[in-house]
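Here is how the chains run, residue by residue.
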Amino acid sequence: MDAPGLGGLNWAVIIIYLLATLGIGVWFTRRASGGTEEFFKASGRIPAWAAGFSIYATTLSAITYMSTPEQAFLADWSYAAGNIAIFAIVPLLVIFYIPFFRKLDVTTAYEYLEERFGPSIRVIGSVLFVLFHIGRVAIVIYLPTLAISSVTDINPALVAGAVGVLSVVYTFLGGIEGVIWSDVVQGIILLVGAAVILVFGIMALDGGLATVVTDAAANDKFISADNWKFGGAAAAIPIVFLGSVFNNLHQYTASQDVVQRYQTTDSPKSTARSLIVNGFLALLTIPLFYGIGTVLFSFYKHSQALPEGFNTSALVPYFAVTALPAGVSGLLIAAIFAAAQSTISSSLNSISACVTVDIRDRFFPPKTGQARTGVGFSRAVIVIVGVLSVSVALYLSATDQAQTWDLFLSITGLFGVPLAGVFALGIFTKRANTSGVLAGLVVGAGLAWFVQERAGLTPFAVSTVAFIGAMIFGYLISLLTGTFGPRSGHDVLPLTIYAKRAAYTRRVPTNPAEAVAASAATANSAPSIGSHPTDSRAASTAVKTNDKQGHDHD
């Protein structure tokens, strides 16, 4: 297939967009340099609507922008049950999950895991997130690379480098605040771009919308009776919905890129409002992106045929460049860039947060006891991960991967969903313990691999097995090890739904460096002249009382 090319006007639109996103990062550079609280949490000053838009743009990546229309083009709208699942879990998140993240004032989601289960589970959760998102960033870089490479003769390495490097630069400069406001701009662009494709596609057909509906009904492109049957050729909607619930629980409770947004607003109520905004935007995605696939099915059925051997993952950009006016097609390619970059920047900042907070600050606090205030290390992590992800994206491009939506869902079900089961065990049970949830995590991942490789189930069924397997085995093994194993004196009941409103004193300080300094001061210094001796005795009594609060670590 000869590449049709973009043309000067389209390139101008794309370059203007890329420079604008870079400018947002530059604008927030000074604030982001104020310390890790600014760099990772924006000191809680993000409006609820912007945080919700950012969550939406982060979760709606180039994978959605290109692969959701591909799914509707090749099959039907059954996967839209996943978008409904997002909206359905919002009450669950607001009532049962958000209070614990806000109570602990976490920077990363995995701080909850340490408070509930200990440092080993925190490290495992954080490392799993980092590894998974390096792969996710690579896939998200690969898709716009595929888009541009399919319509121009530009070297894929140059495209991947441009997408990845620009994302790294504005994430490096602006921190989470720059990322969120970039997400807002990118979210608007990608929604407008999708609407433009939908309108132009319908207008290009004789009969317009009536033709689209007729073709879709005749070819079962919406929802048919087969979509409600188990084991049929069509995707079963109940399985899609249930698997999507568990996939979304992973993303909204165990994935740092989304959980990090919960701390960028000023209150739990604002966080709840941000999730409601995101839920409504997820519903809007259904007619937009599945509609695009259905419209393009009619377009290539009546107007012209796709080239032989065409990779359908490039369906949207191919239509944009070959069927839309110059300038408009450039906007569409920019929208694909926007969808990719919003996800890339979020993942890069969140990976940096995990490496900085969960690894460096937790286990290697400065010996001086002075808290670190610079963000140089955090920015270095962003650069390293960006380079690695671009390298993996180039491999995907060289091997011409297709149907990346199923690829992404399979990876999520195998590695991410069992971790969501660990969070659920911590919040909804009193008896879950470290040994149990670790075993449940391993068993859940093992079951996911088995049903994926041997049973040939859909990615949604894999996610269902992974989550339920991790919870059931995690709980049963916790019961066994809790009966015969040692008991912990640390009270974790306030970290469960059974004492959700109870106050909780962290056993792991928010700033380990301050704990080092306090410990050194207690051990090496005597009361100073003018100090009141009862102050130190009161502090000591408080510590002992906290240590003696008796509740099994279960």
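Before reading further, recall that the structure is shown in the block above.
Within every chain, residues take consecutive numbers counted from 1 along the sequence as written. Where local features are concerned, this predicted model is filtered to residues with pLDDT of at least 70; where side-chain atom pairs are given and counted, the filter is 80 or more; whole-chain, interface and lining totals use all residues. With hydrogens and water excluded, all non-hydrogen atoms of the structure serve as input to the side-chain values.

**Concerning the environment of Phe132**
Threshold: Under the scheme used here, helices are H or I runs from DSSP no shorter than 4 residues and strands are E runs no shorter than 2 residues, and both carry numbers assigned from the N terminus. The buried label goes to any residue with under 20% of its type's maximum accessible area, the exposed label to any with over 50%, and the partly exposed label to all in between, with areas taken from a 1.4 Å probe on protein chains only.
Counting through the fold element by element, Phe132 comes out in helix α9 (residues 119-151). In this structure Phe132 comes out as buried when scored by relative accessible area, which is 11%. For Phe132 and Ser347, which are 215 residues apart along the polypeptide, the C-alpha to C-alpha distance reads 9.9 Å.

**Digging into helix α14 (residues 268-302)**
This is how the line gets drawn: A helix's residues, less one, multiplied by 1.5 Å, set its expected span. Bend at a residue means the angle formed by two fitted axes: the first through the 7 residues ending at that position, the second through the 7 residues beginning there.
With 35 residues, α14 should reach 51 Å at 1.5 Å per residue; the first-to-last C-alpha distance of 52 Å fits that figure. The principal kink in α14, of about 30 degrees, is found at Thr285, preceding the proline Pro287 by one to four residues.

**Focus: empty space enclosed by the protein**
Rules: A pocket, in this scheme, is an open set of points on a 1 Å grid over the protein atoms alone with protein on both sides within 12 Å along at least 5 of 7 lines, while a cavity is a set where a 1.4 Å probe fits but cannot get out; residues line either one if an atom lies within 4 Å of a point. Grid points are joined across faces, edges and corners, and a volume is the space filled by probe spheres set on the points. For this classification, the nonpolar set comprises Ala, Val, Leu, Ile, Met, Phe, Trp, Tyr, Cys and Pro, the charged set comprises Asp, Glu, Lys and Arg, and every other residue, Gly included, is treated as polar.
If you walk through the whole model with that rule in mind, you get two cavities of 30 Å³ or more. Considered as a void within the structure, the second largest cavity measures approximately 70 Å³ in volume. Along the walls of the second largest cavity sit eleven residues, with Leu128, Phe129, His250, Gly416 and Leu419 positioned nearest its centre. Going through the elements one at a time, α9 and α18 (404-428) are the ones with two or more residues in the lining of the second largest cavity. Of the residues contributing to the lining of the second largest cavity, the split by class is seven nonpolar, four polar and no charged.

**Notes on the side chain of Asp358**
Note the following rule: Distance and chemistry together define a polar contact, namely a pair of N or O atoms within 3.5 Å, with one atom able to donate a hydrogen and the other to accept it when in protein, and with adjacent residues in sequence counting only for side-chain atoms on both sides. Two residues qualify as a contact provided that any one of their heavy atoms is within 4.5 Å of a heavy atom in the partner residue.
Along the chain, Asp358 falls in helix α16 (residues 328-363). For Asp358, the side chain forms a polar contact with the side chain of Ser126, separated by 3.0 Å. Residues within four places of Asp358 in sequence aside, it is in contact with Thr108, Tyr110, Glu111, Arg122, Ser126, Ala353 and Phe363.

**Considerations on helix α7 (residues 90-104)**
Under the 1.5 Å per step criterion, the end-to-end length of α7 is 20 Å for 15 residues, consistent within 8% with the ideal 21 Å. Along α7, the helix axis deviates most sharply at Tyr97, where the bend reaches about 45 degrees; the proline Pro99 sits within four residues downstream. Those residues of α7 that fall on the buried side of the exposure criterion are Val90, Leu93, Tyr97, Ile98, Phe100, Phe101, Arg102 and Leu104. Just downstream of α7, Asp105 is the residue with a positive phi angle, here 55 degrees.

**Looking at the side chain of Thr343**
By secondary structure assignment, the location of Thr343 is in helix α16. Each residue touching Thr343, except ones within four places of it in the same chain, is listed here: Ala57, Thr58, Leu60, Ser61, Arg136 and Val140.

**A closer look at unusual backbone geometry**
A positive phi angle is found at Ser43, which is not glycine, with a value near 55 degrees. Its identity is not glycine, yet Asp105 carries a phi of approximately 55 degrees, on the positive side. Inspection of the secondary structure assignment puts Asp105 in the loop between α7 and α8 (110-117).

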